[in-house]
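Secondary and tertiary structure notes
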Amino acid sequence: QLLIVLWNYKIFLVSACLFGIFLGGYFALTTDKKYTSTATFKLTTDNNRGLDISSDLNILSSFSGFNLPTTAELPYDEVMGREFIIKLDKKVNFRDDKFYYDYNPDLKDPIWKATIKNLIGWENNIHDVDERMWQEITKKYKNTVLIKLTKDNSLKILVTHKNADRAAEITNAIMLTTLENK
C-alpha cells in the first residue's frame, strides 16, 4: 500500500526533490563565504613577583574541595577596546577593508525609509564622518573577533573574514599587538 501511495504522488515527489536540489545549489553558489583564522598562545607573566597569594589560595582550595577561578586573566576589555582597535588599524588598515568599513557618504536612503524616519522624527546625530567610520569599524570588529581562554590557560583568538589571508593577517596582528602590550 505504501508503494501505491508513492507511485500515485511520483510527480509531486520528484518535483519536490528537484526543487530542493535547485535551492541547495543556488544557496551554495550565492552565499558569502567566511573564513575563520585562529591563533592560540600563552601570555607570559613575570615570575619574580614574590609572594603569589592567589596561587596559594588555589592550592588550599583544592585540598578543601573548592575550586577557585584560575589566575590567568582574559584581556577581553583590552583587545576589544576602541584604543586597541585604533592601534591595530595602523598595522592592518581597517579603513580600506570593505568588510570592516563600507560607508558611502553619497548614499541616500530609499524614499520609503526616509519617509518613515521623518514620520517618527529620526535624526542622525553622527555628523562627523571620522566618528561614524570608527563606530562602524568597532562594531564589525566586535562581531567578527572572538577571544577566549582555553583549558590550559592559553589565549585563543578567532577572526572571521571573507578573505582567508586577511583573516590570518588580522589574527596575527592581534596576537602580536597583545604580546607587545604584556
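Residues numbered from 1 in each chain as written. Predicted model: local features only at pLDDT ≥ 70, side-chain atom pairs only at ≥ 80, totals over all residues. Heavy atoms only, no water.

1. Details of the overall build of the protein chain
If you tally the helices and strands in the protein chain, you get eight helices and three strands. Each helix and strand of the protein chain, placed in order from N terminus to C terminus, yields the pattern α-α-β-α-α-α-α-α-β-β-α. The buried share among the 182 residues of the protein chain stands at 23%. A sequence separation of at least 24 residues applies to 74% of the contacts in the protein chain between residues at least 6 apart. Surface accessibility of the protein chain: about 13,800 Å² in total, with carbon and sulfur atoms responsible for 59%. (Helix = DSSP H or I, 4+ residues; strand = E, 2+ residues; numbered from the N terminus. Buried < 20%, exposed > 50% of the residue type's maximum accessible area, 1.4 Å probe, protein only. Contact = heavy atoms within 4.5 Å. Areas by Shrake-Rupley, 256 points an atom, 1.4 Å probe, with all protein chains shown as cover.)

2. Some details on the nonpolar core
Side chains of a nonpolar character, in soluble globular proteins, are inclined to be buried together. Counting 25 residues, the largest nonpolar core has Leu-88, Phe-94, Tyr-100, Tyr-141, Val-145 and Ile-174 as the members making the most contacts within it. Sorting the residues of this core by element identifies β1 (35–41), α4 (76–80), α5 (82–92), α7 (129–144), β2 (145–149), β3 (155–161) and α8 (164–181) as the ones contributing at least two each. (Core = buried A, V, L, I, M, F, W, Y, C linked by side-chain atoms within 4.5 Å.)

3. A word on the packing of aromatic side chains
For the coordinates displayed, the defined rule picks out four aromatic pairs. Measuring from centroid to centroid gives 5.5 Å for Tyr-26 and Phe-27, while their planes differ by 65 degrees, and the two rings are edge-to-face. On the accessibility criterion, Phe-27 (47% relative accessible area) is partly exposed. Centroid distance Phe-94 to Tyr-141: 5.9 Å. Interplanar angle 75 degrees. Geometry classified as edge-to-face. You can see Phe-94 sitting in the loop between α5 and α6 (111–120) and its partner Tyr-141 sitting in helix α7, a full 47 residues away along the chain. (Phe/Tyr/Trp six-rings, centres within 6.5 Å; stacked < 30°, edge-to-face > 60°.)

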